[in-house]
Amino acid sequence: MKRAARPKLASAKERAPLILARLKAAYPEASTALDFENAYQLLVATILSAQCTDTRVNMVTPEVFRRFPNPAVMARARRALLERLIQSTGFFRNKAKNLIGAARHLVDEFGGRVPRGMDELLSLPGVARKTANVVRGECFGLADGVVVDTHVTRLARRMGLTQHIDPVKIERDLMELIPQKEWIAFSHRMIRLGRTVCMARNPACPTCPVAFHCPKIGAG
Ligand code: SF4
């Protein structure tokens, strides 16, 4: 018996607002899962979150923040002690080097405060566009980009919102598809979906809130 032809999938531009609406409905609260109380703490937590779960980061940061409560103290940290505290987050030697280097830069160049500007943030050791976007979005309400981490990369590709693998090109595609005022929350919602439903292995498509608009199984 001949199978019915699958309806033609709408374009990424047509589907993006529909995906956005479904994500908003599924995850009304959209913010980072990292624990922090100020821009310095979020900067530290975000640097530690590279290749590590937010849950793990949240387990180590209370002690890190207690011992190194501000950039001036972090700038003078004993590297061996810091490495020991953050060891479980992985890549701890590099992360410790970046945390101390970033703190020194904050003290030397920015009066010990975390700057708001993208270029200034990118001048800090260990801070790439993703980290800068997180800090600007969460702490200052400034959205000049979409945070593209491994979850956003995987989901955007599965959803057919981009064909690229380079995060900078993926970000460019998403910035064209998603309204600027939604950029910060969109990233958080995508990350939430990536952690709970659209996992790297065995995505739970039948229970996915955006399934109808996803090329993997949808046709809307
Ligand atoms: S339908 Fe499946 S592949 Fe598409 S976003 Fe949902 S879980 Fe991921």
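Residues numbered from 1 in each chain as written. Predicted model: local features only at pLDDT ≥ 70, side-chain atom pairs only at ≥ 80, totals over all residues. Heavy atoms only, no water.

Draft legend 1. Structural detail: empty space enclosed by the protein. For the structure on display, the rule yields three cavities of 30 Å³ or more. As a volume, the largest cavity reaches approximately 100 Å³. Considered class by class, the residues forming the lining of the largest cavity number 13 nonpolar, no polar and two charged. In this structure, the second largest cavity encloses a volume near 60 Å³. The wall of the second largest cavity is formed by N133, V134, G137, L142, A143, D144, G145, V147, I184, S187 and H188. Counting residues per element, the ones that place at least two in the lining of the second largest cavity are α8 (129–140) and α11 (183–196). Broken down by class, the residue content of the lining of the second largest cavity amounts to five nonpolar, five polar and one charged. Each of domain 1 (12–30 + 146–213) and domain 2 (39–140) accounts for three or more of the residues forming the lining of the second largest cavity. (1 Å grid on protein atoms, 1.4 Å probe; cavity = no way out; pocket = protein on both sides within 12 Å on 5 of 7 lines; lining within 4 Å. Points joined across faces, edges and corners; volume = space filled by probe spheres on them. Nonpolar A, V, L, I, M, F, W, Y, C, P; charged D, E, K, R; others polar. Helix = DSSP H or I, 4+ residues; strand = E, 2+ residues; numbered from the N terminus. Domains from an automatic or database assignment.)

Draft legend 2. Spotlight on the site of the ligand. By nearness alone, every residue bordering the ligand is listed as R158, M159, C198, P203, C205, C208, V210, A211, C214 and K216. Under a 2 Å grid-point criterion requiring more than half of the atoms, the pocket assigned to the ligand is the largest cavity. Of the residues belonging to the shell around the ligand, the class tally is eight nonpolar, no polar and two charged. (Near = heavy atom within 4 Å. Sits in = over half its atoms within 2 Å of the grid points.)

Draft legend 3. Expanded view of the side chain of E83. You can see E83 is positioned in helix α5 (residues 79–86). Its relative accessible area of 13% is what places E83 among the buried residues. Apart from the residues within four sequence positions on either side, E83 is in contact with F92, R93 and A96. (Buried < 20%, exposed > 50% of the residue type's maximum accessible area, 1.4 Å probe, protein only. Contact = heavy atoms within 4.5 Å.)

Draft legend 4. Here's a closer look at helix α9 (residues 150–158). Restricting attention to buried positions, one finds in α9 the residues H151, V152, T153, R154, L155 and A156. For α9, the secondary structure elements touched by its buried residues are α10 (167–177) and α11. Where α9 begins, the capping side chain belongs to D149, and its oxygen is found 3.0 Å from the backbone nitrogen of H151. Looking one or two places after α9, you find G160, whose phi comes out positive at around 70°. (Polar contact = N/O pair within 3.5 Å; in protein donor to acceptor, adjacent residues only side chain to side chain.)

Draft legend 5. Broad picture of the pattern of salt bridges. Overall, the coordinates contain seven salt bridges when judged by the stated rule. Ionic pairing is found between D54 and R195, a salt bridge with its closest N-O pair at 2.9 Å. Taken together, the positions of D54 in helix α3 (residues 54–67) and R195 in helix α11 put the pair 141 residues apart, joining distant regions of the chain. Each of K24, K181 and E182 takes part in salt bridges that share partners, so that together they form one network. (Salt bridge = Lys/Arg side-chain N within 4 Å of Asp/Glu carboxyl O.)

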